[in-house]
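So you can see what is in the structure, the chains are spelled out below.
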Amino acid sequence: MQNDKQIIFRNPQSMPPVNGYTQVVEVRNGRTIYVSGQVAVNQNGELVGAGDLATQTGQVFENIKLALEASGVSFNDVVKLTIFLTDISQMQIVRDIRDRYLNTTNPPASSAVEVSKLVNDHFLIEIEAIAVGE
């Protein structure tokens with residue numbers, strides 16, 4: 001049986017213009033991988049980057065990368081990101097780091113949400129991902 005995974009990225013002209021994400025991602029066939037919300041904790045369970053959003057964001061994306069690799073996929077297969085920030089005014093920091101990991105030609109559908117608090121007072125960001133593999 002052959003899997004013909006197909007991912008279509010759409011930014012319809014009838015919708016508002018976007019920068020850094022895609023309005024609609026259609027997946028035809030494929031295996032769906034859900035990555036739980038990742039925070040700035042290293043392999044030893046230690047907080048990385050206390051008080052530093054850039055360092056925490058880098059650790060979060062590294063954790064997502066490891067989760068994707070464990071499932072045999074990569075950031076090129078990510079179709080949706082959900083970003084939770086304690087200070088949405090710092091979103092540009094997140095975007096700059098995100099763009100080092102993602103396919104910026106066809107970025108995933110994305111949401112960014114400001115929250116008053118994450119599971120630990122030291123966490124500034126949490127990101128979950130959905131990817132599609134073959």
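As shown above, the structure is provided for reference.
If you're wondering where the values come from, they're calculated on a predicted model, not measured in any experiment.

**Q** What is the right way to look at the nonpolar core in this model?
**A** Within soluble globular proteins, side chains that are nonpolar generally end up buried alongside one another. One finds Leu-68, Ile-125 and Ile-127 to be the most contacted residues of the largest nonpolar core, which totals 21 residues. When near neighbours in sequence (up to four residues on either side) are disregarded, Ile-125 contacts Gln-38, Val-39, Leu-53, Gln-56, Thr-57, Val-60, Ile-83, Phe-84, Leu-85, Val-94 and Leu-118. Counting residues in hydrophobic clusters, the runner-up holds 5 residues, among them Phe-84, Val-115, Leu-118 and Phe-123.

**Q** Before we go on, may I ask you to explain the packing of aromatic side chains in this structure?
**A** Remark: the centre distance and the inter-plane angle together describe each pair of aromatic rings, the angle taken between the planes. A full pass over the atoms with the stated rule returns 3 aromatic pairs. Aromatic pair Phe-61 and Phe-75: ring centres 6.0 Å apart, planes at 45 degrees, arrangement tilted. Here the residue Phe-61 occupies a position in helix α1 (residues 53–70), and Phe-75 occupies one in the loop between α1 and β4 (78–85), the gap between them amounting to 14 residues. Judged by relative accessible area, which is 0%, Phe-61 ranks as buried. Judged by centre distance (5.3 Å) and plane angle (20 degrees), the rings of Phe-61 and Tyr-101 are stacked. A residue pair is termed long-range when its members are at least 10 positions apart, and Phe-61 in helix α1 and Tyr-101 in helix α2 (residues 91–101) qualify at 40 residues. An aromatic cluster is defined as three or more aromatic residues linked by ring pairs; in this entry it consists of Phe-61, Phe-75 and Tyr-101.

**Q** Where do I start with the pairing of strand β6 (residues 125–133) in this structure?
**A** Sheet faces and side chains relate simply in a regular strand, where the side chains alternate between the two faces. The element β6 is extensively covered by neighbouring structure, given that 7 of its 9 residues are classed as buried. Two strands pair when backbone bridges link them, and strand β3 (residues 31–38) and β6 are joined in this way by 6 bridges, in the antiparallel orientation. What sits directly across from Gln-38, in β6, is Ile-127. When β4 meets β6, the two strands line up antiparallel, connected through 7 bridges. Bridge assignment links Thr-82 to a residue of β6, and that residue is Glu-128.

Cut-off values and rules
Residues numbered from 1 in each chain as written. Predicted model: local features only at pLDDT ≥ 70, side-chain atom pairs only at ≥ 80, totals over all residues. Heavy atoms only, no water. Core = buried A, V, L, I, M, F, W, Y, C linked by side-chain atoms within 4.5 Å. Buried < 20%, exposed > 50% of the residue type's maximum accessible area, 1.4 Å probe, protein only. Contact = heavy atoms within 4.5 Å. Phe/Tyr/Trp six-rings, centres within 6.5 Å; stacked < 30°, edge-to-face > 60°. Helix = DSSP H or I, 4+ residues; strand = E, 2+ residues; numbered from the N terminus. Pairing = 2+ DSSP bridges.

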